[in-house]
Amino acid sequence: MRVSVFLLLVFSSLPSFAAAGVDAPLTASIRIENYGLYQLLDKSDQSFNPESTAGYESVINTRFIEKTDVIALKKNRVFGFNYAINDPNTAEEWVVVDIKISHPLTTNFLGHQSTGFSRQSAARLKADGRYHNGAFYVFTEDYEMVPGLWVVSVIYRGEFVARQSFSITAD
């Protein structure tokens, strides 16, 4: 009887021990660089993503134009930010991040309504020892052209670590 009680105590204490590591505070930090308006330089072919507001997504190449949080609605207008993650506990070449876009209610051509979406992305380790990438949105479809508060966020290891709000205005 003592052996079974001892095993029960050992196994019942394991989940508490394992959970302690999961709840450990995030030691990484992030810095938003150059939020605002960007110029679209290049765009990959579209890949179907029914969860996104547009219904598809692309990889884009941009150039920073102006630091601002007020963006006028215009087709092919790009807004967002570059970011750098400092994570002293990781030495991988790439780290996974989630990009979350929140926006006013939109309705696409199929009648699907949306107030935002999330997609997985990655940031690459650079010579400065930090992970770099960008989080952007491009207005491409008429049904996306909705003024109001749009929020671009980067989520790293389950934590919101960078968030920038943009006031989208009708011309």
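On a predicted model such as this, the values are computed, not experimentally measured, just so you know.

Draft legend 1. Geometry of the environment of Gln 164. With respect to the helices, strands and loops of the structure, Gln 164 is situated in strand 11 (residues 159-169). Overall, the relative accessible area of 13% leaves Gln 164 in the buried class. Expressed as a C-alpha distance, the spacing of Gln 164 and Val 151, which sit 13 residues apart in the sequence, is 5.7 Å. Each residue touching Gln 164, except ones within four places of it in the same chain, is listed here: Ile 32, Tyr 35, Asp 69, Phe 81, Trp 150, Val 151 and Val 152.

Draft legend 2. Representation of the packing of aromatic side chains within the structure. Throughout the structure, instances matching the rule amount to 11 aromatic pairs. For the ring pair Tyr 38 and Phe 136, a centre distance of 4.6 Å and an interplane angle of 70° mean the geometry is edge-to-face. Taken together, the residues span a long stretch of sequence, with Tyr 38 in strand 1 (residues 29-43) and Phe 136 in strand 9 (residues 131-138) at a distance of 98 residues. Take Tyr 38: its relative accessible area is 4%, and that puts it in the buried class. Aromatic pair Phe 139 and Trp 150: ring centres 5.1 Å apart, planes at 85°, arrangement edge-to-face. Residue Phe 139 is found in the loop between strand 9 and strand 10 (148-156), and its partner Trp 150 is found in strand 10; the two are separated by 11 residues along the sequence. For Phe 139, a relative accessible area of 0% translates into the label buried. What links up through ring pairs into an aromatic cluster is the set Phe 79, Phe 117, Tyr 137, Phe 139, Trp 150 and Phe 166.

So, how was this worked out
- Residues numbered from 1 in each chain as written.
- Predicted model: local features only at pLDDT ≥ 70, side-chain atom pairs only at ≥ 80, totals over all residues.
- Heavy atoms only, no water.
- Helix = DSSP H or I, 4+ residues; strand = E, 2+ residues; numbered from the N terminus.
- Buried < 20%, exposed > 50% of the residue type's maximum accessible area, 1.4 Å probe, protein only.
- Contact = heavy atoms within 4.5 Å.
- Phe/Tyr/Trp six-rings, centres within 6.5 Å; stacked < 30°, edge-to-face > 60°.

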